[in-house]
Amino acid sequence: SLPAKLINGGIAGLIGVTCVFPIDLAKTRLQNQQNGQRMYTSLSDCLIKTIQSEGYFGMYRGAAVNLTLVTPEKAIKLAANDFFRHHLSKDGKKLTLLREMLAGCGAGTCQVIVTTPMEMLKIQLQDAGRIAAQKKLMAAQAQLSSSPAVAAAEPAMEARTTATQITRELLRSKGIAGLYKGLGATLLRDVPFSIVYFPLFANLNKLGQKDPNVKAPFYVSFLSGCVAGSTAAVAVNPCDVIKTRLQSLQRGVNEDTYSGILDCTKKIWQREGPTAFFKGAYCRALVIAPLFGIAQVVYFIGIAEFLLDMLPKHQA
């Protein structure tokens, strides 16, 4: 049933995001740093420096936004894919690869309604620590070359911005369109991702089914979700880099600004080289693999059906 699908998708999203959010934060920071000022050299370096400068909970900056909106986002994605697969199947026959890809395309298109504002707000909060750390580093360098009196001065404390403040400011200055900055880039990432992910998962999962009418074991669903998720994540990573850059409202010192997808692509290619499009690719694979593995296990086990069955039955 639709309520069960929505509950399953929501529970899957909450569990998955909680487990992998620190890696997602590192991915955003690695993708956003440009050649001018590189604060982090790797995933581990980013996480260590984040803990040192912002504490353990610094790794979860922006998690509240994600945890709030991931439930409708994952629910829409998984339920939409099932919806399109159902309506594209003919008389219950096996879907062709093309129809599976079309179902994934529909799911990816539907989810951006929630994904775009969620990613927009999350990226601002995730990247704020990197920009603050860069400013402190440059201030420290300036103090070393200045007078002793200036060197003794402490750098100003970072004023932490909340998702609510960012939302209010965007709505005040740009209206609802402000929350949907980077919509085109989000579609460019999520639609191809779903086209690759859902057919690949479905076919990998079928390999573990002894009987077409019986669900595959949970570990098969988990591994299928991990493999399909990481494959799709790496395949669309260039689009994710472009989306992250376009949705970042603040820039570090000497970092480029972009007017659109083509401008962003051109500047990254010319100034950072083609390898820049795969910044954070391994982080994204590490995020997506368990995220979708967990999601598919929860979704296919059917926790929602168990919860709904526990509700009291009202007789007419």
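Residues numbered from 1 in each chain as written. Predicted model: local features only at pLDDT ≥ 70, side-chain atom pairs only at ≥ 80, totals over all residues. Heavy atoms only, no water.

### Re the overall build of the protein chain
We count it as follows: Under the DSSP-based scheme used, a helix requires at least four consecutive residues in state H or I and a strand at least two consecutive residues in state E, with every element numbered from the N terminus. Whether a residue is buried, partly exposed or exposed follows from its accessible area with a 1.4 Å probe, protein chains only, as a fraction of its type maximum: under 20%, in between, or over 50%, in that order. Methods summary: accessible areas were calculated by the Shrake-Rupley approach with a probe of 1.4 Å, and residue burial reflects only the protein chains presented.
Along the backbone of the protein chain there are 12 helices and 0 strands. Counted from the first residue to the last, the protein chain has its helices and strands arranged as α-α-α-α-α-α-α-α-α-α-α-α. Within the span of the protein chain, comprising 316 residues, buried residues form 49% of the whole. As presented, the protein chain carries roughly 15700 Å² of accessible surface, and 67% of it is formed by carbon and sulfur atoms.

### A closer look at the confidence of the model for the protein chain
Low-confidence regions, as indicated by low pLDDT, have predicted coordinates that should not be scrutinised in detail. This is how it is decided: pLDDT runs from 0 to 100 and stands for how confident the predictor is about each residue. The contact criterion used is simple: two residues touch if any of their non-hydrogen atoms lie within 4.5 Å.
Here the protein chain averages 82 in pLDDT, and 86% of its residues register 70 or above. In the predicted structure, residues 149–156 sits below a pLDDT of 50 and forms 4 contacts with residues beyond four places in sequence or in another chain.

### A closer look at the packing of aromatic side chains
Put simply, the rule is: Working definition: a ring pair exists when centres of Phe, Tyr or Trp rings (six-membered ring for Trp) sit within 6.5 Å. Plane angles under 30 degrees give stacked, over 60 give edge-to-face, the rest tilted.
A complete count under the given rule lists 8 aromatic pairs for this structure. Judged by centre distance (5.1 Å) and plane angle (75°), the ring pair of Tyr197 and Phe198 falls under edge-to-face. Accessibility classification places Tyr197 together with Phe198 in one group, the buried group. A network of ring pairs unites the aromatic residues Phe21, Tyr56, Phe57 and Tyr60 as a single cluster.

### Some remarks on empty space enclosed by the protein
Note the following rule: Cavity and pocket criteria rest on a 1 Å grid covering protein atoms alone: a 1.4 Å probe that fits but cannot get out defines a cavity, protein on both sides within 12 Å along at least 5 of 7 lines defines an open pocket, and an atom within 4 Å of a point defines a lining residue. Grid points are joined across faces, edges and corners, and a volume is the space filled by probe spheres set on the points. Ten residue types, Ala, Val, Leu, Ile, Met, Phe, Trp, Tyr, Cys and Pro, are classed as nonpolar, four, Asp, Glu, Lys and Arg, as charged, and the remainder, Gly among them, as polar.
Counted according to the given criterion, the structure contains 1 cavity of 30 Å³ or more. Volume-wise, the largest cavity comes out at about 270 Å³. Lining of the largest cavity is provided by 23 residues; of these, Lys74, Glu119, Arg284, Ile288 and Leu291 occupy positions nearest its centre. Listed by contribution, the elements that provide at least two residues to the lining of the largest cavity are helix 1 (2–32), helix 3 (63–88), helix 4 (97–144), helix 7 (183–207) and helix 11 (281–301). In terms of residue class, the lining of the largest cavity is built from 10 nonpolar, 3 polar and 10 charged.

### Section: a nonpolar patch on the surface
For clarity, the cut-off: Each patch is built from salt-bridge-free residues with over 30% relative accessible area, joining like charges within 9 Å and nonpolar side chains (Val, Leu, Ile, Met, Phe, Trp, Tyr) within 5 Å. Salt bridges are defined as contacts in which a side-chain nitrogen from Lys or Arg sits within 4 Å of a carboxyl oxygen from Asp or Glu.
Taken together, the side chains of Phe218, Tyr219, Phe222 and Leu223 make up a nonpolar region of the molecular surface, amounting to roughly 440 Å² of accessible area. In this fold, Tyr219 is placed in helix 8 (residues 218–235). For Tyr219, a relative accessible area of 48% corresponds to the partly exposed category.

### Section: the side chain of Asn66
Residue position: Asn66 is located in helix 3. Every residue in contact with Asn66, bar those within four places of it in the chain, is listed here: Val17, Phe21, Met118 and Lys122.

### As for the nonpolar core
Keep this limit in mind: Put simply, a nonpolar core is a bunch of buried Ala, Val, Leu, Ile, Met, Phe, Trp, Tyr and Cys residues held in one set by side-chain atoms that sit within 4.5 Å of each other.
In this structure, Leu43, Phe193, Tyr197, Ile288, Leu291 and Phe292 are the most contacted members of the largest nonpolar core, which totals 31 residues. Beyond its immediate chain neighbours, meaning those up to four positions away, Ile288 contacts Phe193, Gly229, Ser230, Ala233 and Gly293.

### Describing the environment of Gln247
Following the sequence through the fold, Gln247 ends up in helix 9 (residues 237–247). Between the alpha carbons of Gln247 and Ala185 there is a distance of 9.1 Å; along the sequence they are 62 residues apart. Once you skip the residues sitting within four places of it in the chain, Gln247 turns out to touch Thr116, Glu119, Met120, Ile123, Gln124, Lys181, Gly182 and Thr186.

### Some details on the pattern of salt bridges
Using the criterion set out here, one finds 19 salt bridges in the structure. Put simply, Asp45 and Lys49 hold a salt bridge, and the shortest N to O gap is 3.3 Å. Of this pair, Asp45 and Lys49 both sit in helix 2 (residues 43–54), 4 residues apart, which is roughly one turn of the helix. The buried category is assigned to Asp45, whose relative accessible area is 17%. As a salt-bridge pair, Lys267 and Asp263 come within 3.4 Å of each other at their nearest N and O atoms. With a gap of 4 residues between them, Lys267 and Asp263 both fall in helix 10 (residues 261–272), about one helical turn apart. In this structure Lys267 comes out as buried when scored by relative accessible area, which is 19%.

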